[in-house]
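Tertiary structure, described
The chain contents come next:
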Number of protein chains: 2
Amino acid sequence: MSTVRLLVLGSILRKGISHGYAVFSDITSWRADTWTNVKPGSIYHALDKLESQGMIRSVNSEINVKLGPSRKEYAITQKGGSEFIALLESALVSVDIQQLSVGIAFMDMLPRQRAIGLLQQCRIALERSIHFLKSLPTDERPTDPSKHPELVGIWVNYVENEAATTERILVNVQAGKYEFKSDLLEGE
Amino acid sequence: MSTVRLLVLGSILRKGISHGYAVFSDITSWRADTWTNVKPGSIYHALDKLESQGMIRSVNSEINVKLGPSRKEYAITQKGGSEFIALLESALVSVDIQQLSVGIAFMDMLPRQRAIGLLQQCRIALERSIHFLKSLPTDERPTDPSKHPELVGIWVNYVENEAATTERILVNVQAGKYEFKSDLLEGE
DNA sequence: GTATATCTAATCAAATTTGAATACCAGAGG
DNA sequence: CCTCTGGTATTCAAATTTGATTAGATATAC
């Protein structure tokens, strides 16, 4: 699963009503040179797809009429809301750093406890992955690339680093850092 | 650029003559649960494309006739050899860990000095990336996801880790570790 | 000896992504 | 007022990737 749908739904949700170009500039402004190399084409495709699936519906808030050619504006439907949550939850347990990142970006849309639970699951998955990677045989004069010590090393490092990062976030979230949607309802 | 072409060319080069399924099992056996989630379809597509571009040509070494349905076998052409080198060099300077990994897997097909040069370039690019990421503003109560400290943190960590890994490999390669194609010609 | 699982090998339609192109509008400079 | 530049907004064809399916051959188990 790529992150485009999640990014698009999240971006629209944050704004209430949005359109392709706004989603695009949102997303690219969030870029860190590294993650999210999402191209405009993918976004418009995702929008069409999401609309045809009833996840978003087009609205026309004539409010924002200004600048340049006309836009198609969208809002999230109920179904789209559920889809967003589903995608978000699966991103937050992902071992893939791109997905995990997007999950972190939107984790505050979940109840804090739920986010904690998912991050813990993620931790466990990462541990398993480390264990697996460390079990791979290596060879200083590898017959095939898979046995190259540096190659295995890269991935052990990568996953260990991600595990540490996840752990740190988990600790912060558990300690009450950052504002979660749920905090507003119960706390205060 | 994805890594499929590089992986396919590299796999065929290592074997001399190969076919789709062999490339596929090669690649998946090299998997580390993490990288290279390359599906069969992509490989066969890449093979067709590479053949139509004259990078590989089909041969039939009736030598390996055994087991299961019949295969289409391929060998690398001169043009394909150059393409392989080009892809390999660009992978070795990539900041993307998937690409860098594949680059490491095949770096021994370059002269040692060339690999060192490319890894140094990669190091520099990573430093620049770290510098950029660290310059991004963050906010404990972020208005948009890009300012989330954890999100920026993930990427700083990720790139720093990759820089450290690259440095380590560089040191090893400079110290004469691993066998490079070029070593056989000059050394000994 | 015969069903059945498993490994080998490839294909294909559908979905997605890429990259380039198009078009609209506003402001700046001559 | 006219043209050029740059930001806004979307579209589209072509390329690639995905996921499921097909299918041959061999081994296994009954």
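As named in an unreviewed UniProt entry, chain A is PadR family transcriptional regulator, taken from Paenibacillus sedimenti.

1. A short note on the sheet that holds strand β1 (residues 17-19) of chain B
Residues and elements named next belong to chain B. Within the open sheet, the three strands sit side by side as β1-β3-β2. Their pairing is antiparallel. Of all the strands in the sheet, just β1 and β2 (56-59) have a single pairing partner and so form its edges. Put simply, the sheet's adjacent strands are angled 45° from each other on average, direction ignored. Strand direction decides the pairing type here: β2 and strand β3 (residues 73-76), joined by four bridges, are antiparallel. Across the sheet, Val-59 pairs through a bridge with Glu-73, a residue of β3. Packed onto the sheet, helix α3 (residues 40-52) meets β2 and β3 and runs at close to 105° relative to β2.

2. Notes on the nonpolar core
Counting 110 residues, the largest nonpolar core has Val8(A), Phe106(A), Val8(B) and Phe106(B) as its most contacted members. Look past the residues within four positions of Phe106(A) in its chain and what remains in contact with it is Leu6(A), Leu7(A), Gly10(A), Ser11(A), Arg14(A), Trp30(A), Phe84(A), Leu88(A) and Pro145(B).

3. Looking at the packing of helix α1 (residues 4-15) of chain A against helix α2 (residues 20-30) of chain A
Axes are the key here: two packed helices are described by the angle between their axes and the distance separating the axes. Residues and elements named next belong to chain A. At their nearest, the axes of α1 and α2 sit 10 Å apart, and the two run at 105° to each other. Taken together, the axis directions place α1 and α2 in an arrangement best described as roughly perpendicular. Residue-level contacts link Leu-7, Val-8, Ser-11, Ile-12 and Lys-15 of α1 to Ala-22, Val-23, Asp-26, Ile-27 and Trp-30 of α2. Taken together, the residues of the contact of α1 with α2 break down into seven nonpolar, one polar and two charged.

4. Some words on the packing of helix α4 (residues 78-92) of chain A against helix α5 (residues 97-106) of chain A
Residues and elements named next belong to chain A. At a minimum axis separation of 7 Å, α4 and α5 run at an interaxial angle of 125°. By the angle between their axes, α4 is oblique relative to α5. As for how α4 packs across α5, the hand of that crossing is left-handed. On α5, the residues that touch Phe-84, Leu-88, Ala-91 and Leu-92 of α4 are Gln-99, Leu-100, Gly-103, Ile-104 and Phe-106.

5. A look at helix α1 (residues 4-15) of chain B
Residues and elements named next belong to chain B. Over its twelve residues, α1 extends 17 Å from the first C-alpha to the last, a length consistent with the 16 Å expected when each residue adds 1.5 Å. Three or more residues of α1 are buried, namely Val-4, Leu-6, Leu-7, Val-8, Leu-9, Gly-10, Ser-11 and Ile-12. Downstream of α1 by a residue or two, Gly-16 has a phi angle that is positive, lying close to 90°.

6. A short note on the relation of the copies chain A and chain B
The transform that puts chain A on chain B rotates by 180° and translates by 0.0 Å along the axis, for an RMSD of 0.0 Å. Within this description, the copies of the chain are treated as partners about a two-fold rotation axis.

7. Describing helix α2 (residues 20-30) of chain B
Of the positions making up α2(B), those classed as buried are Gly20(B), Ala22(B), Val23(B), Phe24(B), Asp26(B), Ile27(B) and Trp30(B). As for α2(B), its buried residues are in contact with α1, β1, α3 and α5 (97-106) of chain B.

Rules behind the numbers
Residues numbered from 1 in each chain as written. Chains lettered and ligands numbered in written order. Predicted model: local features only at pLDDT ≥ 70, side-chain atom pairs only at ≥ 80, totals over all residues. Heavy atoms only, no water. Pairing = 2+ DSSP bridges. Helix = DSSP H or I, 4+ residues; strand = E, 2+ residues; numbered from the N terminus. Axes fitted to C-alpha atoms, helices over the stretch in contact; angles between N-to-C directions. Contact = heavy atoms within 4.5 Å. Core = buried A, V, L, I, M, F, W, Y, C linked by side-chain atoms within 4.5 Å. Buried < 20%, exposed > 50% of the residue type's maximum accessible area, 1.4 Å probe, protein only. Parallel < 35°, antiparallel > 145°, perpendicular 65-115°, else oblique. Nonpolar A, V, L, I, M, F, W, Y, C, P; charged D, E, K, R; others polar. Left-handed = near helix turned anticlockwise from the far one by under 90°. Expected span 1.5 Å × (residues − 1). Least-squares fit on C-alpha atoms with pLDDT ≥ 70 in both.

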